[in-house]
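Here is what each chain is made of, one letter per residue.
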Amino acid sequence: MLQFKLVLLGDSSVGKSSIVNRFVKDSFDEFRESTIGAAFLSQTIALQGQPDVSVKFEIWDTAGQERYKSLAPMYYRNANAALVVYDITQAGSLEKAQAWVTELKEKVDDDSLVIYLVGNKVDLAEADQEVCAVPTPEAQQYADDNGLLFGEVSAKTGQGVQDTFQAIGQKLYDL
Ligand code: GDP
Ligand code: MG
């Protein structure tokens, strides 16, 4: 069994806790309380196509609020992977995500840190195209330019969530 530390970063309300909750408990809570400081959860998966390989994620779900920003290095310092989340309906949240990516690249020495950029709340765009504030190609281009993995998910429907962690697990396993 392989064990990896993963940290979630991103602006508040983009759905970090909801993504973790979907991944760990396969549930969604419309009225989730915002995270104070950080929360720790863990989940073990079998790699797709390699059922004899288990990957255990030790997950630090951080609070996005500015007042907790100084705590973030404690959580990303020893991380093997970072899931940097934005909300596809909030253009400003992609900018916040990009600032986190820049900080990670500056502060984390380990070149093997896997950074995955994820656009959450795709269910909202399926209901109404107009609400999409971050076009997929724009985020994809940014991810490509910066060597990040990228995907879009919905913590609400679960779309893409398992695949995201599978991709991170596979990438860490291959390193
Ligand atoms: P965090 O501050 O980044 O941890 O965000 P939360 O997980 O607390 O979610 C913030 C709000 O967005 C909550 O009201 C959630 O119910 C809502 N939310 C989270 N993920 C989704 C999603 O995929 N779709 C929709 N429609 N709402 C979501
Ligand atoms: Mg939270």
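Scroll up to find the structure.
Remember, predicted model here, so these are calculated numbers, not experimental data.

A. Geometry of the site of ligand 1. The full set close to ligand 1 counts 19 residues, and Ser13, Lys16, Ser18, Asp123 and Ala155 are the nearest of them. Asp123 has a polar side-chain atom sitting 2.7 Å from a nitrogen atom of ligand 1. Across the complex, the protein chains shield 88% of the 580 Å² of accessible surface that ligand 1 would expose by itself. When residues of the shell around ligand 1 are traced back to their parent elements, those giving at least two are helix H1 (16–25) and helix H4 (122–127).

B. Spatial organisation of the coordination of the magnesium ion (ligand 2). Binding of the magnesium ion (ligand 2) to the protein goes through Ser17 (OG) and Thr35 (OG1), at separations of 2.1 Å. Linking Ser17 in helix H1 with Thr35 in the loop between H1 and strand S2 (38–47), this pair joins segments that are 18 residues apart in sequence. Side by side, Ser17 and Thr35 carry an identical accessibility label, which is buried.

C. Spatial organisation of the packing of aromatic side chains. Throughout the structure, instances matching the rule amount to five aromatic pairs. For the ring pair Phe23 and Phe165, a centre distance of 3.7 Å and an interplane angle of 5° mean the geometry is stacked. Linking Phe23 in helix H1 with Phe165 in helix H6 (residues 161–174), this pair joins segments that are 142 residues apart in sequence. When sorted by exposure, Phe23 lands in the same class as Phe165, which is buried. Among the aromatic residues, those joined into a cluster by ring pairs are Phe23, Phe57 and Phe165.

D. Here's a closer look at the sheet that holds strand S5 (residues 114–120). Reading across from one edge, S2-S3-S1-S4-S5-S6 is the order of the six strands in this open sheet, with mixed pairing throughout. Only two strands of the sheet have a single neighbouring strand rather than two, namely S2 and strand S6 (149–152). Sheet twist, expressed as the mean angle between neighbouring strand axes with direction ignored, is 25°. Alignment of S5 against S6, held across four bridges, turns out to be parallel. Of the residues in S6, the one forming a bridge with Leu117 is Phe150. Along the sheet face, H1 touches strand S1 (2–10), S2, strand S3 (50–62), strand S4 (81–87) and S5 and points at about 150° away from the line of S3. Relative to the sheet, helix H3 (residues 91–107) contacts S1, S4 and S5, its axis offset from that of S4 by approximately 160°.

E. Structural view of the pairing of S5. Taken across its seven residues, S5 has seven buried, putting it largely inside the fold. Every second residue of S5 is oriented toward a common face, with Val114, Tyr116, Val118 and Asn120 on one face and Ile115, Leu117 and Gly119 on the other, all of them buried. Between the parallel pair S4 and S5, the chain is carried across by H3, and the sense of this crossover is right-handed.

F. Spatial organisation of H1. For H1, the buried fraction is high: nine of the 10 residues fall into the buried class. Among the residues of H1, those classed as buried are Lys16, Ser17, Ser18, Ile19, Val20, Asn21, Arg22, Phe23 and Val24. In this structure, the buried side of H1 is in contact with S1, S2, S3, S4, S5 and H6. Directly beyond the C-terminal end of H1, a positive phi value near 50° is found at Asp26.

Reading guide: rules and limits
Residues numbered from 1 in each chain as written. Chains lettered and ligands numbered in written order. Predicted model: local features only at pLDDT ≥ 70, side-chain atom pairs only at ≥ 80, totals over all residues. Heavy atoms only, no water. Near = heavy atom within 4 Å. Polar contact = N/O pair within 3.5 Å; in protein donor to acceptor, adjacent residues only side chain to side chain. Areas by Shrake-Rupley, 256 points an atom, 1.4 Å probe, with all protein chains shown as cover. Helix = DSSP H or I, 4+ residues; strand = E, 2+ residues; numbered from the N terminus. Donors = N, O, S within 2.8 Å, 3.2 Å for Na, K, Ca; no water. Buried < 20%, exposed > 50% of the residue type's maximum accessible area, 1.4 Å probe, protein only. Phe/Tyr/Trp six-rings, centres within 6.5 Å; stacked < 30°, edge-to-face > 60°. Pairing = 2+ DSSP bridges. Axes fitted to C-alpha atoms, helices over the stretch in contact; angles between N-to-C directions. Contact = heavy atoms within 4.5 Å. Right-handed = clockwise from strand over helix to strand, strands pointing away.

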